[in-house]
Amino acid sequence: MTPAPHGPHEPSDEYFIPALRFRVLTRAYDALLSVTLDEARHKRALIEQAAIAPGHAVLDLGCGTGTLTRLIKGAHADASVTGLDLDPEALGIARHKAADAGLDITFVQGSATAPPFEPASFDRVLTSLVLHHLVREQKQRALAAAWSLLRRDGELHVADWGRPLDLLMKLASLPVRLLDGFAPTRDNVEGNLPALLREAGFVDVAETRSARTLYGTLTHLRARRPA
Ligand SMILES: C[S@@+](CC[C@H](N)C(=O)[O-])C[C@H]1O[C@@H](n2cnc3c(N)ncnc32)[C@H](O)[C@@H]1O
């Protein structure tokens, strides 16, 4: 893992890159992803790997417009499900979608780097397409926070852009890198997420799935906070 470049200004806990970089595009996010990413299939695979049990407390870290959050609660009515995001507009969309589906989900505004929850509050933390919005220092803080939020033996499940499987996937990843920035996406495409998870204290870190998509290689990872 190459050292992270240091800029003069570290991003604050309130700074975030919106779902499609520009706020005006947030309302188009769901339509774009469902048409171009086969979003539900990838998100369902992440939920399946999380093996959520009745009574589990589950956090969707960086829930955005709440598609994953809604799918979690839809599949696990007995789990208590919380979505966290910094973007009030995305959270507004997420709340509407949950209400329309009649699902009891708690949505909270806050940063993945300083989440407003007590330590050891969750059995599962899921996070999808968020880490590539964070520069390394933010990734490290978000992963350390996820570790603290998990109960002993709790699990973190990540879906995000990973090391490109081949040249075509490397080319495909360029639009996302241009849109969200080369600095926040660097550790993703260099394949550094497993090392960052281990550095945060997680054990049993594994890449469970790599899928080719229009936007590059989508990787799923699993990690556990030791008992
Ligand atoms: C590409 S969207 C992914 C949304 C959703 N998880 C999904 O899979 O569709 C990235 C989300 O991360 C959120 N985000 C970025 N930085 C954040 C931070 N520091 N804390 C909380 N959310 C953040 C953005 O507001 C946005 O909603």
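Not measured: the values here are computed from a predicted model. (Residues numbered from 1 in each chain as written. Predicted model: local features only at pLDDT ≥ 70, side-chain atom pairs only at ≥ 80, totals over all residues. Heavy atoms only, no water.)

### Examining the layout of surface pockets
Alright, step 1. Computed from the structure, the largest pocket encloses a volume of approximately 620 Å³.
Alright, step 2. Ala19, Tyr29, Leu129, Val130 and His133 are the residues nearest the centre of the largest pocket, which is lined by 44 residues in total.
Alright, step 3. Those elements giving two or more residues to the lining of the largest pocket turn out to be α1 (29-36), α2 (39-50), α3 (67-75), β2 (80-85) and α7 (174-180).
Alright, step 4. A per-element tally of the lining of the largest pocket places α7 first, with four residues.
Alright, step 5. Split into classes, the residues belonging to the lining of the largest pocket amount to 24 nonpolar, 13 polar and seven charged. (1 Å grid on protein atoms, 1.4 Å probe; cavity = no way out; pocket = protein on both sides within 12 Å on 5 of 7 lines; lining within 4 Å. Points joined across faces, edges and corners; volume = space filled by probe spheres on them. Helix = DSSP H or I, 4+ residues; strand = E, 2+ residues; numbered from the N terminus. Nonpolar A, V, L, I, M, F, W, Y, C, P; charged D, E, K, R; others polar.)

### Looking at the site of the ligand
Alright, step 1. Of all residues adjacent to the ligand, which total 20 residues, the nearest are Tyr29, Gly62, Asp85, Ala112 and Ser128.
Alright, step 2. In this structure, a nitrogen atom belonging to the ligand sits 2.7 Å away from a main-chain N or O atom of Gly62.
Alright, step 3. Contact distances for the ligand include 3.4 Å between a nitrogen atom and a side-chain N or O atom of Ser111.
Alright, step 4. Here the ligand loses 99% of its free accessible area of 600 Å² to cover by the protein chains. (Near = heavy atom within 4 Å. Polar contact = N/O pair within 3.5 Å; in protein donor to acceptor, adjacent residues only side chain to side chain. Areas by Shrake-Rupley, 256 points an atom, 1.4 Å probe, with all protein chains shown as cover.)

### Some details on the nonpolar core
Alright, step 1. Core analysis: the largest hydrophobic core is formed by 25 residues, its most contacted members being Leu59, Val125, Leu143, Leu156, Leu197 and Phe202.
Alright, step 2. No other element matches the four residues that helix α5 (residues 136-149) contributes to this core.
Alright, step 3. Not counting chain neighbours up to four residues away, the residues in contact with Leu59 comprise Thr82, Leu84, Phe117, Phe122, Arg124, Val125, Leu126 and Leu149.
Alright, step 4. Grouped together as the second largest cluster of nonpolar side chains are 18 residues, Ile47, Leu68, Leu71 and Phe107 included. (Core = buried A, V, L, I, M, F, W, Y, C linked by side-chain atoms within 4.5 Å. Buried < 20%, exposed > 50% of the residue type's maximum accessible area, 1.4 Å probe, protein only. Contact = heavy atoms within 4.5 Å.)

### Quick word on the pattern of salt bridges
A side chain with one charge can pair with a side chain of the opposite charge if their charged atoms come near.
Alright, step 1. Going through the model one piece at a time under the given rule, you end up with 10 salt bridges.
Alright, step 2. One salt bridge in this structure joins Lys43 and Glu39, with 3.0 Å as the shortest N-O distance. Of this pair, Lys43 and Glu39 both sit in helix α2, four residues apart, which is roughly one turn of the helix.
Alright, step 3. With a shortest N-O distance of 2.7 Å, Asp153 and Arg224 are connected by a salt bridge. Of this pair, Asp153 sits in strand β5 (residues 150-161) while Arg224 sits in strand β7 (residues 216-224); the two residues are 71 residues apart in sequence, bridging distant segments of the chain. (Salt bridge = Lys/Arg side-chain N within 4 Å of Asp/Glu carboxyl O.)

### Concerning the packing of α2 against α3
Alright, step 1. Axis separation between α2 and α3 bottoms out at 10 Å; the angle between their running directions is 55°. Classed by the angle they form, the pair α2 and α3 counts as oblique. For the pair α2 and α3, the sense of crossing is right-handed. Every residue of α3 that contacts α2 at Glu39, Ala40, Lys43, Arg44, Leu46 and Ile47 is listed here: Thr67, Leu68, Leu71 and Ile72.
Alright, step 2. In terms of residue class, the contact of α2 with α3 is built from six nonpolar, one polar and three charged. (Axes fitted to C-alpha atoms, helices over the stretch in contact; angles between N-to-C directions. Parallel < 35°, antiparallel > 145°, perpendicular 65-115°, else oblique. Left-handed = near helix turned anticlockwise from the far one by under 90°.)

### Thoughts on a nonpolar patch on the surface
Alright, step 1. Taken together, the side chains of Leu167, Leu171, Leu174, Leu178 and Phe182 make up a nonpolar region of the molecular surface, amounting to roughly 510 Å² of accessible area.
Alright, step 2. Within the residue set of the nonpolar patch, elements represented by two or more residues are α6 (167-172) and α7.
Alright, step 3. On the secondary structure map, Leu174 appears in helix α7. (Patch = residues over 30% accessible without salt bridge, like charges linked within 9 Å, V, L, I, M, F, W, Y side chains within 5 Å.)

### Things to note about the sheet that holds β2
Alright, step 1. One open sheet holds the seven strands; their spatial order is β3-β2-β1-β4-β5-β7-β6, and the pairing between them is mixed. Edge positions in the open sheet fall to β3 (106-109) and β6 (203-213), since each of these has one partner strand only. Going across the sheet, the axis of each strand differs from the next one's by a mean of 15°, ignoring polarity.
Alright, step 2. Relative to β7, β6 runs antiparallel, the two being bridged by eight bridges. Along β7, the bridge assignment pairs Ala211 with Leu218.
Alright, step 3. Sitting on the sheet, α2 touches β4 (122-128), β5, β6 and β7, and the angle it makes with β7 is about 15°. (Pairing = 2+ DSSP bridges.)

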